[in-house]
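# Chain and residue survey
Residues per chain, in single letters:
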Amino acid sequence: RFHHTSKSHWCSCSKTVSDEKYQDPFQLGKKDLKNLYEDIKKELLVSAAELKEMCDYYFDGKGKAFRPMIVVLMARACNIHHNNSKEVQASQRSVAIIAEMIHTASLVHDDVIDDANSRRGKRTLNQIWGERKAVLAGDFILSAASVALARIGNTTIISVLTQVIEDLVRGEFLQLGSKENENERFAHYLEKTFKKTASLIANSCKAVSILGCPDPKVHEIAYQYGKNVGIAFQLIDDVLDFTSCADHLGKPTAADLKLGLATGPVLFACRQFPEMNAMIMRRFSKPGDVERARKYVLQSDGVQQTTYLAQRYCHAATREIRKLRPSPEREALVHLTEMVLMRDK
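Not measured: the values here are computed from a predicted model. (Residues numbered from 1 in each chain as written. Predicted model: local features only at pLDDT ≥ 70, side-chain atom pairs only at ≥ 80, totals over all residues. Heavy atoms only, no water.)

### Points about the pattern of salt bridges
Summed over the entire model, instances satisfying the criterion amount to 18 salt bridges. Of the charged contacts in the structure, one is a salt bridge between R76 and D32, with a shortest N-O distance of 2.6 Å. Of the two residues, R76 is situated in helix α6 (residues 66-83) and D32 in the loop between α3 (25-29) and α4 (36-43); the sequence distance between them amounts to 44 residues. Judged by its relative accessible area of 4%, R76 is buried. (Salt bridge = Lys/Arg side-chain N within 4 Å of Asp/Glu carboxyl O. Helix = DSSP H or I, 4+ residues; strand = E, 2+ residues; numbered from the N terminus. Buried < 20%, exposed > 50% of the residue type's maximum accessible area, 1.4 Å probe, protein only.)

Here it is in structure tokens:
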């Protein structure tokens, strides 16, 4: 757990809410997320018993609802900034529901592509029902999200959120390729990280800001906050793949290496251990590559450098959100950046 024992001096500068009232994002977002999973299940009304069982499997109410929580907090922060309205509009809450549905559909499809056998501490859909049915379940969740999106009846919002689906597919394609050039490789990794993880948060935040406030500057603030938090979230996820135990993480560790993926810690480690280049290019396919690469990462400063980069993205997110009028929701979004850095699963 190297990055936790050493983090105290890295993260001291991120404690920005010390003199203001502490706001727990999950507590503050709770009332708007009440019955979230029941409402998602209503969107997934289906007569086929097996398909219903598959859809219900991940929407069991045990998820952290991290993305919907960011979305409803951003909605409130933007509404308060615009006209001091303290209510979340029904259409804004719909965006939070749609975001969680798109996210879950992408997880179902990712697990098929990666042939993963565990997710959130339990077996994946593809392990239980097989790949074909898992693909169809993911498609069905995505189609139900599209129907809910159309019901909002705003073409701008439809355009913003369908961009997420395009980015998810493009991000998956980027992940299937790799770059020879070391500098290109890092840019490729960050672009993939944006498209696969951050685009959903960035565009969902932008969507609720458009619904709550006519000012394009506010839309850009919301988008940039979501983008920066999303990239930081994934960077920490990539760190945890090396530093956390499988039971804690809810999925196997060193999973990315086994999939042939060179994430932030690996790319930073490669600067200290150039012999990793050949392993990256062959996607850790030779016997012993995964173990050797993991050892190099833990001997290098790859974990610390990736954590530091995540911290920089969180600081950028904080700078953006502080441009909004003060509110408990704004402070909760500031605090959320710290939670992203400190999470251990």
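### A word on helix α11 (residues 182-212)
Compared with an ideal rise of 1.5 Å per residue, which puts 31 residues at 45 Å, α11 spans 43 Å between its outermost C-alpha atoms and is within 8% of the ideal. A bend of about 60° at A198 is the largest found in α11. α11 sits mainly inside the fold: 25 of its 31 residues count as buried. (Expected span 1.5 Å × (residues − 1). Bend = angle between axes of the 7 residues up to and from the residue.)

### Notes on the side chain of H109
Locating H109 in the fold gives a position in helix α7 (residues 90-114). Here V135 takes part through its backbone oxygen, which lies 3.0 Å from a polar atom of the side chain of H109. H109 has contacts with A134, V135, G138 and D139, leaving out every residue within four places of it along the chain. (Polar contact = N/O pair within 3.5 Å; in protein donor to acceptor, adjacent residues only side chain to side chain. Contact = heavy atoms within 4.5 Å.)

### Topic: helix α18 (residues 302-321)
With 20 residues, α18 extends 29 Å from end C-alpha to end C-alpha; this agrees with the ideal 28 Å at 1.5 Å per step. The element α18 is extensively covered by neighbouring structure, given that 15 of its 20 residues are classed as buried.

### So, the packing of aromatic side chains
Following the criterion strictly, the structure yields 7 aromatic pairs and no others. Centroid distance Y37 to F59: 6.5 Å. Interplanar angle 40°. Geometry classified as tilted. In this pair, Y37 is assigned in helix α4 and F59 in the loop between α5 (49-58) and α6, connecting sequence segments 22 residues apart. Looking at Y37, the relative accessible area reads 10%, which means it is buried. Connected via pairs of aromatic rings, a cluster forms that spans Y57, Y58 and W129. (Phe/Tyr/Trp six-rings, centres within 6.5 Å; stacked < 30°, edge-to-face > 60°.)

### Brief notes about empty space enclosed by the protein
Under the criterion given, the structure shown has 1 cavity of 30 Å³ or more. Considering only enclosed or pocket space, the largest cavity measures out at about 170 Å³ in volume. Looking at the lining of the largest cavity, the elements with two or more residues in it are α10 (155-176) and α11. Considering every element that reaches the lining of the largest cavity, the biggest residue donor is α11, with 4 residues. A breakdown of the residues in the lining of the largest cavity according to their chemical character gives 6 nonpolar, 6 polar and 4 charged. (1 Å grid on protein atoms, 1.4 Å probe; cavity = no way out; pocket = protein on both sides within 12 Å on 5 of 7 lines; lining within 4 Å. Points joined across faces, edges and corners; volume = space filled by probe spheres on them. Nonpolar A, V, L, I, M, F, W, Y, C, P; charged D, E, K, R; others polar.)

### Remarks on the environment of E38
Inspection of the secondary structure assignment puts E38 in helix α4. Overall, the relative accessible area of 46% leaves E38 in the partly exposed class. Linking E38 and D56, residues 18 residues apart in sequence, is a C-alpha distance of 9.7 Å.

### Digging into the state of the cysteines
Following the criterion strictly, the structure yields 0 disulfides and no others. Note on C213: no disulfide assigned, nearest cysteine sulfur contributed by C78 at a separation of 6.5 Å. (Disulfide = S-S within 2.5 Å.)

Keep in mind these numbers describe shape, not what the thing actually does.
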